[in-house]
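Descriptive analysis of the structure
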Amino acid sequence: MLSTVLAPTVARGAIVRRPSGEGLVAALNADQRSVEVLRELRRRHGDDPLPLGYTGRRIALVLSPEDVRRLLLETPETFSPGGAEKRGALTHFQPHGALVSDHGNRPDRRRANEEALALGERLHPDAVTLAEHADEEARSLIRALRDAGTLSGVLDWARFSETFDALARRVVFGSQAARDRRTTELLRALRRRANWSYALPPAHARRGEFLDRVRANIDRAAPGSLAARLGRPGSIERPEDQIAHWLFAFDAAAVATFRSLAVLTSTGPDVEAVWAEALAEDGPDLPMLRATLRESVRLWPTTLVVIRESTRETSWRERSIPPGTAFLVLSSYFHRDPTRLSYADAFAPSIWSDGRAEKEPGILPFSYGPAGCPGRDLVPLTVSYLLRGLLRDGHLRRVDRSPALRTEALPASLNHFNLQLTLTASQ
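Below: a short report on this structure. Small disclaimer: the values here were computed from a predicted structure and weren't measured. (Residues numbered from 1 in each chain as written. Predicted model: local features only at pLDDT ≥ 70, side-chain atom pairs only at ≥ 80, totals over all residues. Heavy atoms only, no water.)

**As for the overall build of the chain**
Broken down by element type, the chain carries 17 helices and 10 strands. For 427 residues, the compact-globule estimate of 2.2 N^0.38 gives 22 Å, and the chain sits close to it at 21 Å. Counting only C-alpha atoms and orienting by the principal axes, one finds that the chain spans roughly 65 × 50 × 40 Å. Look at the contacts in the chain between residues 6 or more apart in sequence, and 73% of them connect residues 24 or more apart. Looking at the chain as shown, the accessible area adds up to about 17,900 Å², and 51% of this sits on carbon and sulfur atoms. (Helix = DSSP H or I, 4+ residues; strand = E, 2+ residues; numbered from the N terminus. Rg over C-alpha atoms; globule rule 2.2 N^0.38 Å. Contact = heavy atoms within 4.5 Å. Areas by Shrake-Rupley, 256 points an atom, 1.4 Å probe, with all protein chains shown as cover.)

Spelled out as C-alpha cells, the structure:
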C-alpha cells in the first residue's frame, strides 16, 4: 500500500528526475493509481493522518486538506521541514541551507532568502533585469532552433533545459555566468547522489568544488542579480548554501515551464487568453503567464511529496501520533481531488486570480506557511518573461508521438523527457 503511494517518487527520483523512472511512471499510470489508493484509504479510515511503519520509520499519510493547512502553518515549531530524509538528501549539496537548518540558524537564513527573493511582492525589485535575461535566452534559443538545419528545429527537453539552466545562472549571478555549465553539471551530479538521501555518503570533494564555484560566482555577482542581493557583506553566513538551493529549485521550474509550453499547444478559451497576453502585453506584469506556470505545478507537481516531521506528540480528531513521525503530503492527491475541485483535471489559470486556489488548503504548488518556498513569487515572474519571449516568436506546435493534450481532461502524468515542440514564425 505505502509502496504504491511512494513508488512514483522513488522511481522518478526525488531530487533529480530519472528519464527511465519518469517514463515508467507514465506508462503504468502510477500517479493516478497512487491517488486512487489514498482516496480509498480515506474512505476506509477517515480523515485523520494514517500512521504506518515503513523500514523502521514512523510515517503518517495525510488524508485531509485541513490537516495539510495545520502541518504547513505549524511549521517549524510543531512540524519540522528538515526531517531525516530531507536532511540526508540536501546535505549532499547544501549542508547549511535554510530548509535543513536547526532552530537557532533557520530564522536568519530564512529571512535573508525572503528578502533576496522578494517574497510577497508581485514584481521583484529587479524585474526589469529579469525580463532582459529571459528575453536574451529566448532569442538565443530561437536562433539555435532556426540554425538547426530545418526551418525551425525541434525543441526537446535537452535543448530547453540547457537554455533554462543558462537563464537560472543569469538570474542568480548575472550575465557573466550564462556559460558556466560546470557549476550546473556539478550540482546535477550531487543531486543524483541526493536521490538516495542518507543511504549514500556525501561526495565531499565534488561538493567542495561545487560550493567553491558558487562562492566565486557570488564574489563577481553582477548588480541586479539575486546573489548580489544575498551576498552583501554581513548579510548572511554561508550564502553559497542558500544559493545552491535556488539553483536546485530552478531545475524544477524548468520542468514546469516545458510542460506549460506543451499545454499551450492545445486549444480552449484559457489557452487563447494566455497567448493574447503574451502577444500583446509589453509591461512587467503578466498575470496569465504567471498563472500558467502555477497551473503546470498544480497539475503535475514538481515536489511530489511534502514532508513534515513532528517534534512532539500531536493530537488529531481520534488519535494521537508520537513525535518523530514523518507526515507525508502527496501533492497530486490534493491538487487533483474531484470531490472538492471542479477544475481538478483541467487547465484553469483563473483560479490563481479569483481566489479559488488560495481558499483550498490542499493546493500547495510552492507550499505555504513559515517554510513555504520563498521563491514562489519570483519563479512564476521569471518564467512569465521567458514564456512571453518564446510565444511572441510565432506558432508553437507539438511534434512528438504522444496524444494531444485536452485542457479539460489533462493526464495525471506528463513525461517532460518525451515532449518535442517546434516554434515557427507567424505568417
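Now that the structure has been shown, we can carry on.
**Things to note about the pattern of salt bridges**
Using the criterion set out here, one finds 36 salt bridges in the structure. Two residues, D345 and R336, come together in a salt bridge whose shortest N-O distance is 2.8 Å. Judged by its relative accessible area of 7%, R336 is buried. Here R398 makes a salt bridge to D400, at a shortest N to O gap of 2.8 Å. By relative accessible area, D400 is classed as buried at 13%. (Salt bridge = Lys/Arg side-chain N within 4 Å of Asp/Glu carboxyl O. Buried < 20%, exposed > 50% of the residue type's maximum accessible area, 1.4 Å probe, protein only.)

**A closer look at the nonpolar core**
In terms of nonpolar packing, the biggest core is built from 83 residues, with F93, F160, I243 and L261 touching the most fellow members. Among the elements that line this core, the one with the most residues is helix α12 (residues 239-263), at 14 residues. When neighbours within four sequence positions are excluded, L261 is seen to be in contact with L155, F160, L387, L390, L391, L396 and L421. Counting residues in hydrophobic clusters, the runner-up holds 32 residues, among them L2, V35, L71 and L330. (Core = buried A, V, L, I, M, F, W, Y, C linked by side-chain atoms within 4.5 Å.)

**What about the sheet that holds strand β1 (residues 50-54)?**
Within the open sheet, the five strands sit side by side as β1-β2-β8-β5-β3. Their pairing is mixed. Only two strands of the sheet have a single partner each, and these edge strands are β1 and β3 (79-80). The sheet contact formed by β1 and strand β2 (residues 57-61) spans five bridges and is antiparallel. If you follow L50 over to β2, its bridge partner there is L61. (Pairing = 2+ DSSP bridges.)

**Focus on the side chain of S310**
Structurally, S310 is set in strand β5 (residues 305-310). A polar atom in the side chain of S310 sits 3.2 Å from the backbone oxygen of P322. Leave out the neighbours within four places in its chain, and S310 touches T78, F79, P322, P323, G324, T325 and F327. (Polar contact = N/O pair within 3.5 Å; in protein donor to acceptor, adjacent residues only side chain to side chain.)

**A short note on the environment of A227**
Looking at the secondary structure, you find A227 in helix α11 (residues 226-230). Under the relative-accessibility criterion, A227 is labelled buried at 0%. Spatially, the C-alpha atoms of A227 and V214 are 9.6 Å apart, while their sequence positions differ by 13 residues. Beyond its immediate chain neighbours, meaning those up to four positions away, A227 contacts V172, F173, I218, A221, I243 and W246.

**Structural notes on the environment of I15**
You can see I15 is positioned in the loop between α1 (2-12) and α2 (19-28). When its relative accessible area of 11% is taken as the criterion, I15 is described as buried. In this structure the C-alpha to C-alpha distance between I15 and L90, which are 75 residues apart in sequence, comes to 8.6 Å. Excluding residues within four positions of it along the chain, I15 makes contact with A89, F93, R191, A194, N195 and F248.

**Some remarks on helix α13 (residues 269-280)**
Spacing of three or four residues puts side chains on the same side of an α-helix, whose turn is 3.6 residues. Here α13 is 12 residues long and its end C-alpha atoms lie 16 Å apart, about the 16 Å a rise of 1.5 Å per residue gives. Those residues of α13 that are buried are in contact with α12, α14 (287-299), α17 (378-391) and β9 (394-398). (Expected span 1.5 Å × (residues − 1).)

**Re the packing of helix α8 (residues 157-173) against α17**
Running from N to C, α8 and α17 point in directions that differ by 130°, and their axes come no closer than 12 Å. As summarised for this structure, α8 and α17 are arranged oblique, according to the angle between their axes. Both α8 and α17 take part in a crossing whose hand is right-handed. From α8, F160, F164, L167 and V171 reach across to α17, where they touch T382, V383, L386 and L390. The class makeup of the residues in the contact of α8 with α17 is seven nonpolar, one polar and no charged. (Axes fitted to C-alpha atoms, helices over the stretch in contact; angles between N-to-C directions. Parallel < 35°, antiparallel > 145°, perpendicular 65-115°, else oblique. Left-handed = near helix turned anticlockwise from the far one by under 90°. Nonpolar A, V, L, I, M, F, W, Y, C, P; charged D, E, K, R; others polar.)

**Quick look at the pairing of strand β8 (residues 326-330)**
Judged by how many residues are buried, β8 sits mostly within the fold: five of five residues are covered. Relative to β8, β2 runs parallel, the two sharing three bridges. Bridge pairing in β8 places A60 opposite F327. Two strands pair when backbone bridges link them, and β5 and β8 are joined in this way by five bridges, in the antiparallel orientation. Bridged to E309 within β8 is A326.

**Some words on the packing of aromatic side chains**
Between two aromatic rings, the relevant description is the distance of the centres plus the angle of the planes. For the structure shown, the criterion picks out 11 aromatic pairs. Pairing W157 with F258 gives two aromatic rings, centres 5.8 Å apart and planes at 45°, and the pair type is tilted. With W157 in helix α8 and F258 in helix α12, this residue pair connects regions lying 101 residues apart in the sequence. F258 gets classed as buried once you look at its relative accessible area, which sits at 0%. Ring centres 6.4 Å apart and planes at 55° place the aromatic pair F164 and F250 in the tilted group. With a gap of 86 residues between them, F164 in helix α8 and F250 in helix α12 connect regions that are remote in the sequence. A relative accessible area of 5% means that F250 is categorised as buried. Aromatic rings pair up to connect W157, F160, F164, F250, F258 and F417 into one cluster. (Phe/Tyr/Trp six-rings, centres within 6.5 Å; stacked < 30°, edge-to-face > 60°.)

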